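# Coordinate inspection notes
As a plain string of letters, each chain reads:
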4 protein chains.
Amino acid sequence: MAGRNGLFVPGPTNVPDRVLRAMVVPMEDHRSPRFPALTRDCLEGLKAVFKTSTATPFLFPSSGTGCWEAALSNCLSPGDMVLVARFGQFSHLWVDMCHRLGFEVQVLECEWGEGAPLERYEAALAADTAHRIKAVLVTHNETATGVTSDVAGVRRAMDATGHPALLFVDAVSSLASIDFRMDDWKVDVCVSGSQKGLMMPAGLGVTCVSEKALEARRRTARQPVCYFDYIDMQNQNRNGYFPYTPPLPLLYGLRESLAMLAEEGLENVFRRHAYLAGGVRAAVQQGWGLEVCAKQPQWYSDTVSAVVVPAGTDAARVIDRAFRRYNLSLGAGLSKVAGKVFRIGHLGDCNELMLMQAIGGAEMAMIDCGLPIEPGSGVAAAQRHWRAHEAEASGTTGGM
Amino acid sequence: MAGRNGLFVPGPTNVPDRVLRAMVVPMEDHRSPRFPALTRDCLEGLKAVFKTSTATPFLFPSSGTGCWEAALSNCLSPGDMVLVARFGQFSHLWVDMCHRLGFEVQVLECEWGEGAPLERYEAALAADTAHRIKAVLVTHNETATGVTSDVAGVRRAMDATGHPALLFVDAVSSLASIDFRMDDWKVDVCVSGSQKGLMMPAGLGVTCVSEKALEARRRTARQPVCYFDYIDMQNQNRNGYFPYTPPLPLLYGLRESLAMLAEEGLENVFRRHAYLAGGVRAAVQQGWGLEVCAKQPQWYSDTVSAVVVPAGTDAARVIDRAFRRYNLSLGAGLSKVAGKVFRIGHLGDCNELMLMQAIGGAEMAMIDCGLPIEPGSGVAAAQRHWRAHEAEASGTTGGM
Amino acid sequence: MAGRNGLFVPGPTNVPDRVLRAMVVPMEDHRSPRFPALTRDCLEGLKAVFKTSTATPFLFPSSGTGCWEAALSNCLSPGDMVLVARFGQFSHLWVDMCHRLGFEVQVLECEWGEGAPLERYEAALAADTAHRIKAVLVTHNETATGVTSDVAGVRRAMDATGHPALLFVDAVSSLASIDFRMDDWKVDVCVSGSQKGLMMPAGLGVTCVSEKALEARRRTARQPVCYFDYIDMQNQNRNGYFPYTPPLPLLYGLRESLAMLAEEGLENVFRRHAYLAGGVRAAVQQGWGLEVCAKQPQWYSDTVSAVVVPAGTDAARVIDRAFRRYNLSLGAGLSKVAGKVFRIGHLGDCNELMLMQAIGGAEMAMIDCGLPIEPGSGVAAAQRHWRAHEAEASGTTGGM
Amino acid sequence: MAGRNGLFVPGPTNVPDRVLRAMVVPMEDHRSPRFPALTRDCLEGLKAVFKTSTATPFLFPSSGTGCWEAALSNCLSPGDMVLVARFGQFSHLWVDMCHRLGFEVQVLECEWGEGAPLERYEAALAADTAHRIKAVLVTHNETATGVTSDVAGVRRAMDATGHPALLFVDAVSSLASIDFRMDDWKVDVCVSGSQKGLMMPAGLGVTCVSEKALEARRRTARQPVCYFDYIDMQNQNRNGYFPYTPPLPLLYGLRESLAMLAEEGLENVFRRHAYLAGGVRAAVQQGWGLEVCAKQPQWYSDTVSAVVVPAGTDAARVIDRAFRRYNLSLGAGLSKVAGKVFRIGHLGDCNELMLMQAIGGAEMAMIDCGLPIEPGSGVAAAQRHWRAHEAEASGTTGGM
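Just so you know, these numbers come straight off a predicted model, no measurement behind them.

What counts and what doesn't
Residues numbered from 1 in each chain as written. Chains lettered and ligands numbered in written order. Predicted model: local features only at pLDDT ≥ 70, side-chain atom pairs only at ≥ 80, totals over all residues. Heavy atoms only, no water. Buried < 20%, exposed > 50% of the residue type's maximum accessible area, 1.4 Å probe, protein only. Helix = DSSP H or I, 4+ residues; strand = E, 2+ residues; numbered from the N terminus. Contact = heavy atoms within 4.5 Å. Polar contact = N/O pair within 3.5 Å; in protein donor to acceptor, adjacent residues only side chain to side chain. Least-squares fit on C-alpha atoms with pLDDT ≥ 70 in both. Pairing = 2+ DSSP bridges. Axes fitted to C-alpha atoms, helices over the stretch in contact; angles between N-to-C directions. UniProt positions renumbered as here; feature names shortened; annotations may be inferred. Disulfide = S-S within 2.5 Å. Phe/Tyr/Trp six-rings, centres within 6.5 Å; stacked < 30°, edge-to-face > 60°. Domains from an automatic or database assignment. Buried area = accessible area lost by both parts, 1.4 Å probe. Salt bridge = Lys/Arg side-chain N within 4 Å of Asp/Glu carboxyl O. Nonpolar A, V, L, I, M, F, W, Y, C, P; charged D, E, K, R; others polar.

## A few points about helix H6 (residues 151-161) of chain A
Residues and elements named next belong to chain A. All of the buried residues in H6 are Val-151, Ala-152, Gly-153, Val-154, Arg-155, Ala-157 and Met-158. Next to the buried residues of H6 lie helix H5 (118-127), strand E5 (133-139) and strand E8 (166-170). The backbone nitrogen of Ala-152 lies 3.3 Å from a side-chain oxygen of the residue at the head of H6, namely Asp-150. Positive backbone phi, approximately 60°, marks Gly-162, located one or two places after H6.

Okay, structure coming up:
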């Protein structure tokens with residue numbers, strides 16, 4: 001097929017050429033005296049991204065899923081109770097993992113499209129006077145529905161009830177794209193991966209662990225853990241090494257992507273994501289007259305939008321048409337929303353021109369599938385949004 | 001700046017990842033017994049692209065400009081007369097080179113936006129009963145104005161007058177994108193470069209030389225020539241080598257781009273270019289209500305469109321805005337049409353989604369500069385064109 | 001530092017340029033209809049490397065260590081007994097993992113430098129009439145000491161005693177370099193990684209699982225497992241997908257390295273490793289008058305040689321000198337043999353010239369550290385070996 | 001073939017991974033406001049390499065041969081006389097070019113293996129009282145014979161005779177490896193290429209032109225010139241652009257290689273080349289008992305050594321054996337010394353370990369061809385040299 005694929009699944013995201021280039025490295029001795037500088041650049045750079053000065057970032061050779069498991073296995077004991085809200089496929093999968101690893105799971109079932117239910121979290125915590133709940137799990141950005149939750153609100157709920165549980169946050173599709181604050185929100189474990197806002201291929205589980213969580217690992221946790229052991233990792237990282245052979249190209253790539261984030265400035269990165277997301281939502285709502293899956297503006301995600309197709313249309317057909325006819329990769333609806341939505345990822349190394357591909361291509365595919373969409377309508381709405389918000393576009397301008 | 005640059009200058013064009021990857025090679029001995037296989041793959045592959053079984057392709061470490069000089073210096077003698085039409089910056093520069101190298105130049109001056117004036121070529125040839133004209137020069141695709149000329153028509157004019165001059169064709173921005181026929185049209189030297197339809201970085205002068213032209217080099221030409229000597233090149237190429245160290249990564253890249261062209265099929269490549277160009281022209285004419293620089297449909301180029309901005313607008317401002325605000329690289333108007341046009345290259349590794357960037361981005365930049373353009377209008381027109389011409393889109397579809 | 005680093009740690013090994021190049025890929029949708037072809041190429045190619053037609057290969061985003069854990073966690077239940085020999089750092093670490101994951105471990109302690117003690121394995125199995133041992137663990141190639149064990153012999157011991165335990169083999173530093181036979185030896189889980197004989201960066205855990213082991217996973221195993229769950233992986237792989245985002249560049253690289261192995265021919269690859277290892281051992285023993293750590297020729301490893309320095313010399317000084325002065329990376333002695341040996345990896349993408357760097361550089365470093373080594377002596381011995389065994393060198397010759 | 005090729009032809013030289021990586025770039029608009037920074041980095045960096053503050057460096061898309069032609073065509077007029085010494089294949093080819101371009105050539109014929117004959121240059125200049133000689137040509141480092149000439153001595157001869165001719169120097173295989181001084185030696189045109197000491201692929205002609213030479217171009221020169229016109233180039237370079245599309249990857253690579261040279265320090269680079277060359281010559285002379293082609297130590301080249309094989313041996317057989325059996329690429333003897341020498345390039349990104357491949361591999365190939373060489377003898381001699389000259393090795397050490 002001629003020309004580039006337009007990649008707008010919410011992950012892996014587009015890897016900048018600069019990062020791609022940085023990964024073209026010969027192998028080297030990962031136990032040499034020269035190696036620790038690389039490790040440290042990565043781990044120090046991550047602290048800024050996690051907004052922490054007190055917690056410890058770790059890089060596991062794994063997907064983000066591995067870091068979910070790491071959080072549970074390092075900090076808990078068999079049969080421990082966890083409290084978690086389910087409102088999309090990824091929060092669902094984390095719930096599922098909790099079950100499979102043998103924990104007792106108190107699930108707050110929500111409609112898909114809603115975010116973390118702060119009152120219900122608080123109610124559950126308040127009811128748990130025996131403090132049987134050992135960990136509170138919350139998905140910062142539910143990638144399946146395009147919903148961003150209020151993690152600070154969950155923390156407030158915990159504080160309000162004086163509950164001592166650990167706070168675990170899935171920030172896989174929010175980290176480095178939507179404001180996340182490890183220290184301010186007193187998050188105990190933040191779980192993420194390399195292939196979203198960090199603009200890298202998958203392969204690095206990226207996580208950050210509070211002192212409190214590490215203390216739990218050392219003192220109370222009795223879940224079996226070895227490959228994902230924080231302590232092994234910490235002991236080796238301390239000197240700049242890893243407990244096993246790390247994936248060198250990914251470390252070099254991460255160093256470069258962290259440098260890019262620092263150069264743009266993390267707050268500018270967040271602002272850019274909000275600005276670009278605004279254009280996508282304008283296309284969906286004002287241009288096409290459709291809705292996003294997120295049920296309220298407070299939950300609109302700045303990294304992924306799940307577009308609800310009209311009843312009677314199979315969103316999978318739109319996705320298939322977009323891919324085969326226009327070389328456009330949209331995200332599929334998963335599980336409960338399969339066939340009902342297609343998703344546009346607008347995170348990582350992204351700008352207006354790139355999103356015009358997603359919008360313009362989705363437009364054509366929808367029309368081809370018989371949807372009553374006006375050609376160019378989404379693009380026009382996005383253009384209007386971006387033109388009207390130039391001041392927020394700092395990250396995408398500056399050709400000179 | 002976040003996100004990819006949208007590159008739509010008519011050259012260098014976007015290098016496919018597959019070609020980029022093929023160029024990541026360690027150096028090697030260019031005189032080894034293994035090397036000739038690479039040379040031969042490149043030269044044989046080029047024969048198909050030039051549509052020749054009788055002429056000899058050459059690769060010079062140079063830009064396409066070098067191949068202009070090679071044609072003149074190999075086949076002519078000091079003071080020889082050449083006949084050439086001037087209708088844009090690149091035909092102008094070739095004329096200029098003829099003067100500077102000491103030839104007598106009979107120039108057919110045309111309006112910029114017109115193509116090769118067949119009748120005037122024929123008249124000039126008919127008038128030259130003494131056959132003082134040794135070479136007829138024609139620019140197949142004038143990159144500055146987006147004009148494609150009828151090379152076959154020039155050949156017919158030569159045949160009609162029984163004129164024995166050599167026929168030199170500049171196919172820099174047409175080769176491998178618009179039908180070109182070395183043998184059918186009895187072209188004596190075709191001049192091109194790597195950075196357009198061949199989807200490569202600049203750095204390889206790509207040319208093809210008829211037996212008649214080689215005979216002129218051997219027997220009659222007395223212009224000094226050394227670096228660009230066809231005979232040195234032919235003598236070494238015959239065994240798979242080069243007279244001097246060749247740029248290895250570019251040869252590896254060319255082999256890959258030739259493989260891609262062969263896989264898509266040259267006729268499909270041409271069809272795709274026409275299909276994509278149709279969408280761009282629909283945007284310009286139907287969407288924006290503007291005109292292209294090419295004065296008649298017969299001259300519309302399928303590789304580059306020069307968009308004429310309304311009088312009173314400086315096209316350079318549009319280009320500057322597009323670059324700085326939207327990270328979009330459009331081609332500038334050159335010389336006579338500076339400020340009057342901006343150019344959109346739609347050649348090489350290109351598809352609908354990519355062109356939606358050019359169209360949508362130019363749209364925003366023009367509106368920002370005060371032009372009365374309706375948001376989304378160009379995109380909508382292009383979408384309509386592409387949706388209506390699916391059958392011609394073979395090259396861009398086939399995700400499976 | 002000018003010039004290339006000479007990399008002879010036993011892993012990561014040198015990645016061929018061809019594989020490095022194959023990894024320079026843009027991201028793509030790992031759930032597209034095009035993706036499964038890649039997954040299948042990798043998994044089918046691995047079957048040949050594992051020499052299996054009945055077992056199922058898996059690729060986990062992890063290091064090889066992760067696959068150790070996968071084997072234990074998928075197939076066993078808390079408190080199960082495993083039988084394992086310890087004769088080097090890596091067999092030690094596997095033992096350690098067994099303890100930490102809560103298994104009962106029967107350890108056959110051996111001297112470092114010895115291989116798997118077949119009689120003791122057999123005796124232990126014979127004694128276990130109650131069949132409390134659920135898994136027999138053996139390290140095919142102990143990377144720390146350069147010892148290759150007789151896995152077929154362990155299988156014979158199991159068969160001789162009619163013991164039904166599962167057979168787990170660590171082939172991290174032998175797979176694709178030393179003959180390994182999943183089916184012939186009835187191995188139940190073979191554990192390996194991408195960064196050794198597969199000539200890739202680390203980052204892919206490469207494992208292969210018998211039907212019997214999968215049956216154990218489905219029916220009897222009760223150890224918690226989620227990230228490394230064979231069943232999740234099998235269910236997704238069946239259709240060409242992964243349960244979570246896979247590391248795309250590594251998959252593309254693996255496909256290429258598998259193609260290279262197939263082109264050379266697996267038996268030729270083994271022969272080449274033996275041939276090259278012979279040269280290294282000639283250098284050590286005949287050239288330098290030193291010994292390798294492996295105590296008997298039957299255990300000599302064809303992928304890594306641990307060179308024992310004379311008593312009173314600190315091998316770490318030699319390694320440090322080699323690195324800082326000559327840009328040569330040798331493997332360190334680990335744990336019990338720290339300071340006593342340095343290691344030369346001679347596996348993966350390797351040839352005579354490359355090993356001449358390791359030998360010649362180690363020679364200089366040893367002399368610099370005061371060892372009574374004759375300059376050039378090791379190189380000369382290796383040269384003699386390689387010149388005398390040309391017939392076995394097929395993999396390294398054939399410039400044409 | 002398994003493992004890396006050992007590349008020791010004197011060019012192209014080994015491209016450092018860092019430079020290879022820098023060349024993996026998407027295309028961009030070479031007329032954008034961002035582009036000039038790249039041009040300037042390259043041209044400013046070259047000034048340091050040429051040791052000039054007054055002359056103007058140029059980069060032509062061409063091989064070094066193109067820059068020979070540029071020098072002659074820009075500065076001279078048809079029929080002008082040039083004075084040049086011929087003592088190897090490359091000085092021969094330059095002489096040949098002078099003839100073919102129509103100049104009158106006064107050739108100082110020397111034995112191959114000798115350097116520039118200072119007295120004869122001076123005598124010829126003194127005899128030319130009419131100042132018919134317009135340019136004096138000298139090859140700084142004759143790549144075919146491994147001979148470095150005394151350019152400063154040629155300048156002294158010119159000054160001693162008060163001769164106003166221009167001084168053209170071929171520094172193709174010396175620039176950035178052996179001390180060259182544009183300003184101190186009052187060189188008028190220095191000709192070089194990217195694929196030697198600059199550690200790049202071929203494809204960039206690298207040249208530097210004095211004000212006096214530019215003046216000649218502007219005022220007196222009447223040789224036809226267009227593609228290689230200094231003035232066109234200077235006019236565009238002044239603003240950071242090129243007269244035609246430049247080969248972008250090569251410019252990015254050059255910027256990186258210039259940065260590497262600056263980091264190591266040019267004098268350290270020269271010292272490293274001398275140090276490494278000393279080891280190679282020790283191998284040839286002390287180890288193998290052979291001689292280099294350069295007839296006197298004053299002419300020994302620090303970038304390439306031509307090893308004279310014993311009479312009765314065909315050096316081409318050694319080269320062929322080295323390539324096919326050991327994957328080692330040695331340079332061939334050219335023209336007069338064909339079959340008599342093989343050449344080892346030791347320039348660019350090189351260190352001891354790499355040269356041990358060349359020496360150890362050549363050793364094996366020579367023995368295989370029946371030469372009475374002691375295994376390991378060359379390696380041992382080189383080791384002794386390098387160990388004894390640690391202080392000069394700064395460029396190759398410093399792992400930390």
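## Structural notes on the relation of the copies chain B and chain A
For the pair chain B and chain A, the relating rotation is 180°, the translation along its axis is 0.0 Å, and the fit reaches an RMSD of 0.0 Å. Expressed as an axis order, the relation between the two copies is that of a two-fold axis. Measuring from the rotation axis to each C-alpha of chain B, the shortest distance belongs to B:Gly376, at 2.4 Å. An overlap of 100% is found between the interface residues of chain B and their copies at the interface of chain A, pointing to a shared contact surface.

## Structural notes on the sheet that holds strand E11 (residues 291-292) of chain A
Residues and elements named next belong to chain A. What the five strands build is an open sheet, ordered E1-E13-E14-E12-E11; its pairing is mixed. Each edge of the open sheet is held by one strand with a lone partner, namely strand E1 (6-8) and E11. Pairing of E11 with strand E12 (residues 304-308), which is carried by two bridges, proceeds in the antiparallel orientation. Of the residues in E12, the one forming a bridge with Val-292 is Val-307. Together, strand E13 (328-332) and strand E14 (341-345) form the strand contacts of helix H11 (residues 315-326), whose direction differs from that of E13 by roughly 160°.

## Considerations on the UniProt feature "domain: Aminotransferase class V" (unreviewed entry) in chain A
Within this structure's numbering, the places UniProt gives as "domain: Aminotransferase class V" (unreviewed entry) are residues 27-305 of chain A. A distance of 39 Å separates the end C-alpha atoms of residues 27-305 of chain A, which is 42% helix and 18% strand.

## Re the state of the cysteines
Under the criterion given, the structure shown has zero disulfides over all chains. Of the cysteine sulfurs around D:Cys75, a residue in no disulfide, the closest is that of D:Cys67, at 12 Å.

## Points about the relation of the copies chain D and chain A
Of the transformation superimposing chain D on chain A, the axial component is 0.0 Å and the angular component is 180°, with the fit at an RMSD of 0.0 Å. Comparing interface residues between copies, 100% of those in chain D also lie at the interface in chain A; the contact surface is shared.

## Thoughts on the packing of aromatic side chains
Tallying each qualifying case throughout the model produces 43 aromatic pairs over all chains. Judged by centre distance (5.3 Å) and plane angle (80°), the ring pair of B:Phe228 and D:Tyr227 falls under edge-to-face. Of the two residues, B:Phe228 sits in the loop between helix H7 (211-219) and helix H8 (230-237) while D:Tyr227 sits in the loop between helix H7 (211-219) and helix H8 (230-237), which places them in two different chains. Both residues of the pair, B:Phe228 and D:Tyr227, count as buried. Their ring planes at 40° and their centres at 6.4 Å tell us that C:Phe60 and C:Tyr230 sit as a pair that is tilted. With C:Phe60 in strand E2 (residues 56-61) and C:Tyr230 in helix H8 (residues 230-237), the pair connects residues that are 170 residues apart, well separated along the chain. Neither residue differs from the other here; C:Phe60 and C:Tyr230 are each classed as buried. One aromatic cluster in this structure is built from A:Phe58, A:Phe60, A:Tyr227, A:Phe228, A:Tyr230, A:Tyr244, C:Phe58, C:Phe60, C:Tyr227, C:Phe228, C:Tyr230 and C:Tyr244.

## A closer look at the environment of A:Arg155
Residue and element names in this part refer to chain A. Within the secondary structure layout, Arg-155 lies in helix H6. For Arg-155, a relative accessible area of 8% gives the class buried. Placed 31 residues apart in sequence, Arg-155 and Lys-186 show a C-alpha to C-alpha distance of 7.2 Å. Those residues in contact with Arg-155 that lie beyond four places of it in its chain are Leu-167, Trp-185, Lys-186 and Asp-188.

## Details of the domain arrangement of chain A
All names here are of chain A. In terms of domain boundaries, chain A breaks down into domain 1 (19-262) and domain 2 (265-396). Between the C-alpha centres of domain 1 and domain 2 the distance comes to 28 Å. Contacts between domain 1 and domain 2 engage 28 residues on the former and 25 residues on the latter. Carbon and sulfur atoms make up 63% of the area that domain 1 and domain 2 hide from each other, which totals about 2,200 Å². Linking domain 1 with domain 2 are one salt bridge, by the criterion used here. The shortest N-O distance in the salt bridge between Glu-267 and Lys-51 comes to 2.7 Å. Between domain 1 and domain 2 we count 12 residue pairs in polar contact (both at pLDDT 80 or more) in total. Elements represented by at least two residues in the side of domain 1 that touches domain 2 include exactly helix H2 (36-50), helix H4 (89-100), strand E7 (147-148) and helix H9 (248-264). Residues of the side of domain 1 that touches domain 2, tallied by class, amount to 12 nonpolar, 11 polar and five charged.

## Things to note about the sheet that holds strand E8 (residues 166-170) of chain B
Residue and element names in this part refer to chain B. Ordered in space as E2-E10-E9-E8-E5-E3-E4, the seven strands form an open sheet in which the pairing is mixed. Looking at the sheet topology across the chains shown, the edges are occupied by strand E2 (56-61) and strand E4 (104-109). Strand-to-strand twist of the sheet, defined as the mean angle between neighbouring strand axes without regard to direction, takes the value 20°. Bridge count between strand E3 (residues 81-86) and E4: six bridges; the pairing is parallel. Within E4, the position partnered with Ala-85 by the bridge is Leu-108. Relative to E8, helix H6 (residues 151-161) is tilted by about 165°, and along the sheet it contacts strand E5 (133-139) and E8.

## A look at the pattern of salt bridges
Enumeration according to the criterion identifies 120 salt bridges over all chains in this entry. Residue A:Arg100 pairs with C:Asp229 through a salt bridge whose shortest N-O separation is 2.5 Å. Residue A:Arg100 is found in helix H4, and its partner C:Asp229 is found in the loop between helix H7 (211-219) and H8; the two belong to separate chains. Classification of C:Asp229 as buried rests on a relative accessible area of 2%.

## Some remarks on the UniProt feature "binding site: substrate" (unreviewed entry) in chain A
Residue and element names in this part refer to chain A. Here the UniProt-annotated "binding site: substrate" (unreviewed entry) positions come out as Arg-343. With respect to the helices and strands, Arg-343 occurs in strand E14. Exposure remark for Arg-343: the relative accessible area of 6% places this residue in the buried category. With sequence-adjacent residues up to four places away left out, Arg-343 is seen in contact with Phe-8, Pro-10, Phe-90, Thr-143, Ala-144, Val-304, Ser-305, Ala-306, Leu-330, Gly-331, Ala-332 and Leu-334. Within the structure, the side chain of Arg-343 is placed 2.7 Å from the backbone oxygen of Thr-143, a separation counted as a polar contact.

## Some points on the environment of B:Asp183
Residues and elements named next belong to chain B. Note on placement: Asp-183 falls in the loop between E8 and strand E9 (189-193). Since its relative accessible area comes to 24%, Asp-183 is described here as partly exposed. Between the C-alpha atom of Asp-183 and that of Val-95, which follows or precedes it by 88 residues, the distance is 25 Å. Setting aside chain neighbours within four positions, we find Asp-183 in contact with Lys-51, Thr-52, Ser-53, Thr-54 and Ala-55. A distance of 2.7 Å separates a polar side-chain atom of Asp-183 from the backbone nitrogen of Ser-53.

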